[in-house]
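# Descriptive structure summary
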Amino acid sequence: MAEPFNAVQERIPADLMTMAGIGKQLLHWQQMSRFCSRCGGQPHQLANSWGKKCADCGSEQFPHIHPCAIVLIRRDDQLLLIRKPEWAPGRYGLVAGFLDVGESLEECAIRETQEETGIEIKNVRYVTSQCWPFPSQLMAGFVADYAGGSIQVDGNEVEDARWFTIGSLPNLPAQRSIARFLIDSYTRID
Ligand SMILES: [Zn+2]
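Source: prediction; values computed, not measured.

Looking now at the overall build of the protein. For the protein, the helix and strand inventory stands at three helices and nine strands. Ordered by position from N to C terminus, the α and β elements of the protein give α-β-β-β-β-β-β-α-β-β-β-α. The principal-axis extents of the C-alpha atoms in the protein amount to approximately 60 × 40 × 30 Å. When the 190 residues of the protein are sorted by exposure, 41% land in the buried category. The contacts of the protein with a sequence gap of at least 6 include a subset with a gap of at least 24, amounting to 56%. Summed over all atoms, the accessible surface of the protein reaches about 10700 Å², with 54% contributed by carbon and sulfur. Separation of charge centres in the protein, based on 18 positive and 23 negative side chains, amounts to 6 Å.

In structure tokens form, the structure reads like this:
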């Protein structure tokens, strides 16, 4: 029986999930690279690579991977969590978003936090990263401290944002997500 592939399939063994993620990302790349984005010509697969070379203009292209920053924000014994309308009922997660042109990942984390919650952050520190094949992101995970401001959400992209005390966290992202790893790491260490 076919099932949708997504990040909450915790029944699938981790190594199989990794393989499936690679396959999903490569299928996406094949779909997105059927024509040369420079001249519209016909690309051919390069040997020993997932890249392609255009038969007409010669330009080479490789699978597009989109960097995102995801950030755990701390204030004393509290975490700032957000909720998006499309998430499972009651589930809260972390601020995250796509890297913009000209930004560092740290700047991306600061901007996304400001845009999604109205909060200013400081001490933005890199923790770890995760391939996120939905369809082709690389999530760079950060931890940051509250610097100022009060919560403001737009009500569209972000439905709710609030401070949760570590002892009473809501329904959280799936175990294998970088969001959950960041939350668990922080709440375990402190
Ligand atoms: Zn071309």
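Looking now at the pattern of salt bridges. A complete count under the given rule lists 10 salt bridges for this structure. Across the pair Glu159 and Arg83 runs a salt bridge, and its minimum N-O distance is 2.7 Å. Residue Glu159 is found in the loop between β8 (137-148) and β9 (160-165), and its partner Arg83 is found in strand β5 (residues 78-83); the two are separated by 76 residues along the sequence. When its relative accessible area of 9% is taken as the criterion, Arg83 is described as buried. Between Glu115 and Arg111 there is a salt bridge; the shortest N-O distance is 3.3 Å. Highlighted residues: Glu115 and Arg111, both in helix α2 (residues 105-117), separated by four residues, approximately one helical turn.

Another aspect to go through is the coordination of the zinc ion. The protein atoms that coordinate the zinc ion are Cys36 (SG), Cys39 (SG), Cys54 (SG) and Cys57 (SG), at distances of 2.3 to 2.4 Å. Note that the zinc ion binds four donor atoms; their angles at the metal cover 101 to 114°, and the shape is tetrahedral. Mapping the donors of the zinc ion onto the primary sequence gives the spacing C-x2-C-x14-C-x2-C. Highlighted residues: Cys36 in the loop between α1 (14-32) and β1 (43-45) and Cys54 in strand β2 (residues 52-54), separated in sequence by 18 residues.

For soluble globular proteins, nonpolar side chains are generally found buried alongside one another. Membership of the largest hydrophobic core comes to 18 residues, with the highest contact counts inside it found for Ile70, Leu72, Leu81, Leu94, Met139 and Ile183. If you list the elements that add at least two residues to this core, you get β4 (66-75), β5, β8 and α3 (178-189). For this core, the leading source of residues is α3, giving five residues. In this structure, Ala109, Ile119, Ala144 and Val158 belong to the second largest nonpolar core, which totals 17 residues.

Topologically, Leu26 is positioned in helix α1. Classification of Leu26 as buried rests on a relative accessible area of 17%.

All right, on to the environment of Pro89 then. You can see Pro89 is positioned in the loop between β5 and β6 (95-98). The class of Pro89 is exposed, set by a relative accessible area of 75%. For the pair Pro89 and Asn171, spaced 82 residues apart in sequence, the C-alpha to C-alpha distance is 8.7 Å. Each residue touching Pro89, except ones within four places of it in the same chain, is listed here: Arg83 and Asn171.

For the rest of this paragraph, the subject is the packing of aromatic side chains. Counted according to the given criterion, the structure contains four aromatic pairs. On the numbers, 4.9 Å between centres and 70° between planes, the contact of Tyr92 with Phe164 is edge-to-face. Here Tyr92, found in the loop between β5 and β6, pairs with Phe164, found in strand β9; they are 72 residues apart in sequence, far enough to count as distant. For the residue pair Tyr92 and Phe164, the accessibility class agrees, reading buried in each case. When the ring of Tyr146 is compared with that of Trp163, the centres are 5.5 Å apart and the planes differ by 85°; the resulting orientation is edge-to-face.

Conventions and cut-offs
Throughout this document, residue positions are counted from 1 along each chain, in the order its sequence is written. Reporting of local features is limited, given that this is a predicted model, to residues whose pLDDT is at least 70; pairs of side-chain atoms are given and counted only at 80 or more, and all residues count toward the totals for whole chains, interfaces and linings. The side-chain numbers reported here are obtained from all heavy atoms of the structure, hydrogens and water having been left aside. Helix and strand definitions here come from DSSP, where helices need a minimum of 4 consecutive H or I residues and strands a minimum of 2 consecutive E residues; each element is numbered from the N-terminal end. Whether a residue is buried, partly exposed or exposed follows from its accessible area with a 1.4 Å probe, protein chains only, as a fraction of its type maximum: under 20%, in between, or over 50%, in that order. Contacts are assigned to residue pairs with any non-hydrogen atoms lying within 4.5 Å of each other. All accessibility values rest on the Shrake-Rupley procedure with a 1.4 Å probe; residue burial counts only the protein chains present in the view. Note that His is not counted, nor are the chain ends; the positive residues are Lys and Arg, and the negative ones are Asp and Glu. Throughout, a charge is located at the NZ atom of Lys, the CZ atom of Arg, the CG atom of Asp or the CD atom of Glu. By salt bridge we mean one thing: a side-chain nitrogen of Lys or Arg within 4 Å of a carboxyl oxygen of Asp or Glu. Water is not part of the atom set, so a site may look incomplete; the donors themselves are N, O and S atoms within 2.8 Å of the metal, or 3.2 Å for Na, K and Ca. Only two sets of limits are used to name each site, 85 to 135 degrees for every angle of a tetrahedral four-donor site, and over 155 degrees for opposite donors with all other angles from 65 to 115 for a square planar four-donor or octahedral six-donor site, with any other site named irregular. Put simply, a nonpolar core is a bunch of buried Ala, Val, Leu, Ile, Met, Phe, Trp, Tyr and Cys residues held in one set by side-chain atoms that sit within 4.5 Å of each other. The pairing test for Phe, Tyr and Trp rings, Trp by its six-membered ring, is centres within 6.5 Å, and the orientation test on the planes gives stacked under 30 degrees, edge-to-face over 60, and tilted for anything in between.

The values are spatial; any link to function lies outside them.
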